Structures are given as structure tokens and as C-alpha cells.
Amino acid sequence: MAQPPYPPHPPAGADPRAGLRRAARVVLAGWAYLLLFAAVAHGLLRWPMLGVAAASWLLALPVLAAWWHQDATHRLLALHPYRSGAALHRWYARRVLPMALRVMLALLLTAAALLQTPFFALSEWVLLALAAPGYALLEAVFYRLGAAQFATERYAQRWVRRATHATLVLLLALAWLALRLSDHASVPLPLAERLGQWQAGWSEAPSHALRWALDALAWSQAGFETALSQLPADRRWQALAGLVLAPLALFGHSALAIAGCALSLPELRRASAVPLCAEVVPPRLTPERAAVWAAIGVLATWLWLDLAGRTEYLAQSRPSPFAVQALPECERIGGRVYRVGAEALLEQLGARTQKSLAASQVQACTALDKVRALAEPGVDAYLDWYFSLGAEWARLAAMLAGDAELLMRVKFEQLVLQDDGIGSALGTVQREYAAQWGAALNARADALALLESQHLVLSESQCRVVHEAPESPALLAVRGHSARLVASSGVALIAGSFAGTVAAKAMGKASMKAASKLLLKAAAKKSLGKAGAAAAGAALGTVVAPGLGTALGAGLGAAVGLALGAGVDLTLLAAEEMLTRENMRRELLEAVDESLAPYRASLSCGAARP
């Protein structure tokens with residue numbers, strides 16, 4: 001009767017140092033496998049399909065060894081009650097088909113574990129690094145606690161192995177779930193954006209089949225995140241969903257790989273023995289059997305690589321059905337969608353237009369400053385005339401005729417605004433205004449043509465808006481400048497009309513109105529005073545110089561009376577000039593500034609520079 005195999009580590013009560021050596025071998029072998037696994041994961045998105053297939057075959061060998069060893073142990077224990085050579089013994093002793101099936105399962109499990117690495121965070125790698133020490137610790141604990149519960153060491157070993165695998169996978173899943181729930185406070189990305197972000201990471205991978213597989217897996221990963229975010233806030237529901245969706249295949253692969261790497265050479269020979277070997281120390285492979293296994297390995301490798309090549313060929317012939325087709329990016333300006341960069345092109349157009357307008361603006365504003373500068377000596381000349389005796393008598397005469405204000409307006413225009421320099425400056429302003437108006441119209445037409453060329457015949461749902469503006473700032477600036485020019489009276493900026501506007505504002509100032517009222521009140525008094533002075537002088541002349549004749553004496557007396565009246569007028573004018581000239585000068589210059597202000601505003605010149 002076949003005897004069940006002995007366990008790979010010493011039985012209870014053996015040398016404790018053997019247990020330590022077993023634990024050290026488990027940890028070191030597990031970490032060595034993890035380094036190889038990490039290296040393959042690093043090159044996963046850089047290698048062609050045949051390279052990925054060869055690496056996955058290499059990584060599947062420890063998993064395959066663990067499964068073959070478990071199968072051999074199970075069958076040897078199952079064969080123990082049966083007589084050698086009987087039908088049930090022969091049935092349980094068959095291994096070829098189960099071994100071939102486990103080859104495919106090991107390859108698929110390893111491939112599934114590798115495909116999850118592009119989604120790994122640091123926490124997943126830390127858990128895999130802790131798996132090997134955890135396996136060694138759990139194995140030692142379960143052996144110490146459970147070995148005494150079984151009749152023989154053989155059955156205790158099988159229970160320890162199963163309990164270690166199951167507990168390690170459960171602990172890794174719980175730790176992974178705890179880490180995911182601790183990160184769940186952050187708001188997850190929308191499903192489509194998350195898929196697009198992931199799939200962009202391997203869009204340049206050389207293997208088309210790998211892209212297909214990762215695209216499909218991305219949907220499950222994104223679905224997990226979405227489902228977890230939509231669960232009730234109760235942690236129990238989230239924990240239950242997390243256990244269902246946890247990567248148990250990854251952790252199961254890790255446990256099997258550690259177990260396979262930690263097998264001793266005798267146990268590896270037992271795992272690959274055909275037929276089953278129940279000896280305590282399985283015999284070494286004969287050269288003939290080694291050649292057979294080598295041939296089988298080459299054939300299996302060729303079949304696996306051929307399958308990978310055919311899969312890659314099929315994947316190359318069509319696009320991935322799981323890939324998210326990214327919507328074209330667009331910009332929304334004024335409620336319409338345009339190509340990305342339309343706003344930047346408008347800004348460039350606006351910058352060129354502003355540069356052209358700025359050069360014209362400098363010339364126009366300089367000309368307006370020149371008008372203001374030339375008007376200042378004209379105001380002084382006007383006030384010199386205003387406070388002269390001739391102007392006083394002319395205003396009196398015009399007042400009696402009802403044209404005093406007209407006289408002052410005409411004289412103001414003559415002395416202040418009818419300067420060749422002012423006319424030339426106003427002509428410059430007129431030309432620059434026309435140039436700015438034309439530039440603004442051309443810029444607006446160019447902006448509309450540019451927007452039309454960049455316009456997309458799409459609805460908002462057919463593109464992803466990456467920039468949005470109610471209106472283009474550059475186009476708004478051009479429209480605003482055009483509106484200022486239209487609102488201004490720049491077209492009427494000719495010397496004659498401008499002079500009339502300034503004169504009207506000047507005559508409307510408080511000091512000029514007050515002077516007109518005083519002139520009206522004093523006109524009658526001054527006329528009667530001068531007539532009375534002339535009459536008194538004539539009477540005095542006939543008395544003082546009777547010998548000269550009455551007529552001649554009266555004439556000399558009248559002249560003396562008029563001279564006295566003129567002296568009085570000069571005295572009064574001097575007093576009035578001393579009291580009112582500065583105020584009148586300030587208000588007359590204010591009239592000039594107020595008349596220039598609309599043009600400064602339309603041309604964006606800023607404040608007047610005296």
C-alpha cells in the first residue's frame with residue numbers, strides 16, 4: 001500500500017533551527033520572486049507581446065510547482081486507503097491531464113496578476129512585500145497550533161498549507177480594503193475621465209493584445225471605484241462590496257508563488273513525478289526522464305508563444321473595442337464651440353491691433369496736448385484785451401447794440417483758437433482718429449473671419465470644452481474701442497466747429513456771466529457819467545476861459561471831462577483785473593479742457609497734461 005509523503009519541513013519536536021531555516025527560505029525566496037515580478041511589471045508596457053508571454057511563462061513556474069505539489073500530496077493521501085493496482089488506485093494515480101490543466105491555469109493566473117500591475121499604487125507593492133514574511137509566520141503559527149489535532153504529520157501538513165494560503169489571502173484582502181476605504185474620502189474622477197486617464201498610460205504600448213486586455217480591465221477597475229463611491233456611507237456595506245471586488249486572484253497568485261519558490265528540491269521532484277512517488281526522498285531524475293521533461297517544456301513554451309503571437313496578430317487587425325474614444329477638445333466662446341487655440345489666435349490679433357492703435361493714439365494724444373498748450377497763451381492774450389480800455393468801451397458799445405456776448409465770443413476765437421498750430425494739431429487728431437477707426441473695423445472683420453475659420457460644426461456634447469469664455473477679451477477690446485470712436489464727435493474735429501464749441505463753453509463760465517451782468521448794470525451809469533463829465537467840463541471851460549470863446553472853452557472842458565472819466569475807467573479796470581483775472585483764466589482754460597475731454601476719452605488719452 002502506498003504511503004503518503006512526508007512534509008517538506010520537520011515534524012513537531014524537531015530542531016527549532018530547522019523551522020527558522022524554513023522561514024528564512026520562504027521569506028528570501030518570496031522576495032526574490034517579487035523582485036522578478038516587479039521587473040517584469042516595469043517592462044510590461046515596453047515589451048512586445050512575445051516578450052510579455054515569455055516573462056509570464058517564467059513567472060508561472062513557481063505557481064505551477066506549488067499546484068503540482070498540492071496535487072501530488074492530495075493524490076498520495078487519497079491513494080492511501082486503496083490497494084495498489086486496484087481500479088480506484090489507478091484512477092487516482094493518473095496525473096497527466098490534471099498537470100496539463102494546471103499549466104494553463106498557472107499561466108492565466110500569472111497573466112491576470114501581471115495585468116493588474118499598471119493599476120498598482122504604492123500600497124499594493126507594500127502588501128506584496130509583506131506577503132512572504134506573513135506566509136512564513138502564518139505557516140509556523142498554524143503548524144504549532146494545529147499539528148497536535150491530527151493523527152499523523154501527513155494530514156497536519158495538508159491542513160497547515162491550506163490554512164496558511166486561505167488566511168494569507170484573506171489578510172491581504174482585508175488590508176487592501178482598509179487602504180482603499182481610507183482613500184475613499186477623495187472625490188473619484190468621473191468614469192469616462194478615469195478610463196481615459198488610465199488608457200492613455202498604455203496607448204503607446206507595442207503589444208496590441210496587451211492594450212486590449214488592459215482596456216478591458218480598466219473598465220472593471222473604474223467600475224469598482226464608481227460602485228464604491230456610490231455605496232451608502234455605512235462602512236459595513238463598503239467593506240462587503242470591497243471583499244467581493246478585491247483582487248483575490250492577485251493575492252492567491254502571490255501565496256502560490258511563495259509556496260512554490262520555497263519548495264525544496266526533493267519536493268520539486270515529488271511534484272513533477274509521473275507516476276506518483278510515495279517515498280520519503282524522491283529519486284533523482286534519470287537522464288531519459290530529464291530529456292522527456294525538457295522536450296515537454298520546449299513544446300509547452302512553443303505552444304504558449306505561438307498562442308501569444310496569434311492573439312497579437314488578431315488584435316492588430318482591429319481597434320480595441322474597450323478603448324474609450326476621447327472626445328476632441330474644443331473652446332466655447334460666446335456660446336459657440338471652436339478649435340483649441342482659437343482664443344490664443346484672437347489674443348494675438350488683438351495684440352497686433354492694440355500695437356497699431358497705440359502708435360496712432362500717441363500721435364493723437366500728443367496733438368491734443370499741443371492744442372491745450374497753444375490755447376494757454378491765447379487765453380492770456382484774450383484777458384489782456386478784455387481788461388484794456390478799448391475793450392471796455394467796445395463792450396459798452398456792443399452792449400448798447402445788444403451784441404456784447406457775440407463780441408467776446410468772436411474775440412475769444414480770434415485770440416485763443418485761430419492759431420495755425422492749433423489748426424495743424426486738430427488736423428493730426430482728425431487723421432489719427434480716421435486711422436484708428438479703420439484699424440478697429442479691420443480688426444473686427446479679421447476677428448470674425450478667424451472665428452468662422454476656427455468654428456467647429458459640432459454640438460457641445462460632441463467635444464470636451466477645455467476653455468470657456470462668454471466673449472473673447474480681445475474681441476471685446478476691439479468692440480469697445482470702436483464704440484468709443486463712434487460715440488465721440490471726432491468726425492467734427494475741425495478747427496471752426498471746435499473753436500465755436502470752446503468759445504460757447506468759455507462764455508458759459510460763471511466768471512464771464514458775472515462780468516456780463518456787471519457790464520449791463522454799469523453801462524447806463526457809465527454813459528450818463530461820461531456825458532455828465534463832458535457837460536460839466538464844457539460849462540467850466542466857458543467860465544474859466546471866457547476870452548477863448550464859449551464854443552472853444554466848452555470843447556476843452558469836455559475833453560478834460562472825458563479824460564477824467566477814462567482815468568476812472570482805467571482805475572476800475574485795474575481793480576477788476578486784479579480781483580478776477582486769475583479766476584477767469586482758470587475757467588477759460590477749463591473750458592478748453594472740457595472741450596478736449598470727449599476726444600481724450602474716445603482716444604483713451606487719459607488726463608490732460610497742462
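As the structure is a prediction and not an experimental result, all values here were calculated from the model.

1. Thoughts on the overall build of the protein
Logical step 1: Looking only at helices and strands, the protein features 20 helices and three strands.
Logical step 2: Counting contacts in the protein only where the partners sit at least 6 residues apart, residues at least 24 apart contribute 82% of the total.
Logical step 3: If you sum the accessible surface of the protein, you get close to 31700 Å²; carbon and sulfur atoms cover 67% of it.

2. Concerning the packing of helix α2 (residues 49-79) against helix α10 (residues 248-261)
Logical step 1: It is at 7 Å that the axes of α2 and α10 come closest, and there the two elements cross at 80 degrees. Regarding the angle of α2 to α10, the classification is roughly perpendicular. Seen from α2, the contacting residues are Leu59, Pro62, Val63, Ala66, Trp67 and Gln70; seen from α10, they are His253, Leu256, Ala257, Ala259, Gly260 and Cys261.
Logical step 2: Each residue belonging to the contact of α2 with α10 can be placed in one class, and the counts come to nine nonpolar, three polar and no charged.

3. A short note on a nonpolar patch on the surface
Logical step 1: Side chains of Leu36, Leu58 and Leu61 sit close together on the surface and give an oily, nonpolar patch of about 240 Å² of accessible area.
Logical step 2: Considering the arrangement of structural elements, one finds Leu61 in helix α2.

4. Digging into the pattern of salt bridges
Logical step 1: Following the criterion strictly, the structure yields eight salt bridges and no others.
Logical step 2: Put simply, Arg22 and Glu139 hold a salt bridge, and the shortest N to O gap is 2.8 Å. Of this pair, Arg22 sits in helix α1 (residues 16-42) while Glu139 sits in helix α5 (residues 122-146); the two residues are 117 residues apart in sequence, bridging distant segments of the chain. This pair shows no difference in class: Arg22 is buried, exactly as Glu139 is.
Logical step 3: Asp71 is the partner of Arg75 in a salt bridge, and the nearest nitrogen-oxygen pair spans 3.0 Å. In this pair, Arg75 and Asp71 both sit in helix α2, four residues apart, roughly one turn of the helix.
Logical step 4: For Arg75, a relative accessible area of 13% corresponds to the buried category.

5. Some remarks on the packing of α5 against α10
Think of two packed helices as two axes; the pair is described by the angle between the axes and how far apart they sit.
Logical step 1: At their nearest, the axes of α5 and α10 sit 10 Å apart, and the two run at 45 degrees to each other. Here α5 lies oblique to α10, going by the angle between them. In this structure, the crossing between α5 and α10 has a hand that is right-handed. Between α5 and α10, the residues in contact are Leu127, Leu128, Ala131, Ala132 and Tyr135 and Leu250, Phe251, Ser254, Ala255, Ile258 and Ala259, respectively.
Logical step 2: Across the contact of α5 with α10, the residue classes break down as 10 nonpolar, one polar and no charged.

6. A closer look at the pairing of strand β1 (residues 329-333)
Logical step 1: Within β1, four of the five residues are buried, leaving the element largely enclosed by the surrounding structure.
Logical step 2: When β1 meets strand β2 (residues 336-339), the two strands line up antiparallel, connected through four bridges. Pairing of Glu331 across the sheet is with Tyr338, part of β2.

7. Side note on the confidence of the model for the protein
Logical step 1: Confidence in the prediction for the protein averages 74 pLDDT; 69% of positions are at 70 or higher.
Logical step 2: Within the protein, no element has a lower average pLDDT than helix α19 (residues 510-544), which sits at 49, and none a higher one than α5, at 90.
Logical step 3: This model gives residues 520-545 a pLDDT under 50, and the stretch forms 26 contacts once residues within four places in sequence are excluded.

8. Points about the side chain of Asp215
Logical step 1: By the element assignment, Asp215 lies in helix α8 (residues 208-230).
Logical step 2: Buried and unpaired, Asp215 has Arg211 as its nearest opposite-charge partner, separated by 7.0 Å.
Logical step 3: Reaching out from Asp215, the side chain makes a polar contact with the side chain of Trp202 at a distance of 2.7 Å.
Logical step 4: Among the polar contacts made by the side chain of Asp215, one reaches the side chain of Ser320 at a distance of 2.9 Å.
Logical step 5: If we ignore the near neighbours within four places in the chain, the residues touching Asp215 are Gln199, Trp202, Ser320, Phe322 and Ala323.

9. Focus: helix α12 (residues 287-316)
Logical step 1: Its 30 residues place the ends of α12 43 Å apart at the C-alpha level, agreeing with the 44 Å of an ideal helix rising 1.5 Å per residue.
Logical step 2: When we look at burial in α12, the residues that qualify are Trp304, Ala308, Glu312 and Ala315.

10. Remarks on the packing of aromatic side chains
Logical step 1: Evaluation of the coordinates by the stated rule reveals six aromatic pairs.
Logical step 2: Judged by centre distance (5.1 Å) and plane angle (75 degrees), the ring pair of Phe120 and Trp125 falls under edge-to-face.
Logical step 3: Overall, the relative accessible area of 15% leaves Phe120 in the buried class.
Logical step 4: On the basis of relative accessibility, which here comes to 25%, the residue Trp125 falls in the partly exposed class.
Logical step 5: Each ring, one from Phe142 and one from Trp159, has its centre 5.7 Å from the other, and the planes form 85 degrees; the classification is edge-to-face. One end of the pair, Phe142, is in helix α5; the other, Trp159, is in helix α6 (residues 153-182), with 17 residues separating them in the sequence.
Logical step 6: On the accessibility criterion, Phe142 (17% relative accessible area) is buried.
Logical step 7: Overall, Trp159 belongs to the partly exposed group, its relative accessible area being 33%.
Logical step 8: Following the ring pairs from residue to residue traces out a cluster consisting of Tyr33, Phe37, Phe120 and Trp125.

11. Considering the side chain of Glu124
Logical step 1: Topologically, Glu124 is positioned in helix α5.
Logical step 2: Contacts of Glu124, omitting those with residues within four sequence positions, involve Trp176 and Arg180.

Thresholds, definitions, all that
- Residues numbered from 1 in each chain as written.
- Predicted model: local features only at pLDDT ≥ 70, side-chain atom pairs only at ≥ 80, totals over all residues.
- Heavy atoms only, no water.
- Helix = DSSP H or I, 4+ residues; strand = E, 2+ residues; numbered from the N terminus.
- Contact = heavy atoms within 4.5 Å.
- Areas by Shrake-Rupley, 256 points an atom, 1.4 Å probe, with all protein chains shown as cover.
- Axes fitted to C-alpha atoms, helices over the stretch in contact; angles between N-to-C directions.
- Parallel < 35°, antiparallel > 145°, perpendicular 65-115°, else oblique.
- Nonpolar A, V, L, I, M, F, W, Y, C, P; charged D, E, K, R; others polar.
- Patch = residues over 30% accessible without salt bridge, like charges linked within 9 Å, V, L, I, M, F, W, Y side chains within 5 Å.
- Salt bridge = Lys/Arg side-chain N within 4 Å of Asp/Glu carboxyl O.
- Buried < 20%, exposed > 50% of the residue type's maximum accessible area, 1.4 Å probe, protein only.
- Left-handed = near helix turned anticlockwise from the far one by under 90°.
- Pairing = 2+ DSSP bridges.
- pLDDT = per-residue confidence, 0-100.
- Lys, Arg positive; Asp, Glu negative; His and termini not counted.
- Polar contact = N/O pair within 3.5 Å; in protein donor to acceptor, adjacent residues only side chain to side chain.
- Expected span 1.5 Å × (residues − 1).
- Phe/Tyr/Trp six-rings, centres within 6.5 Å; stacked < 30°, edge-to-face > 60°.

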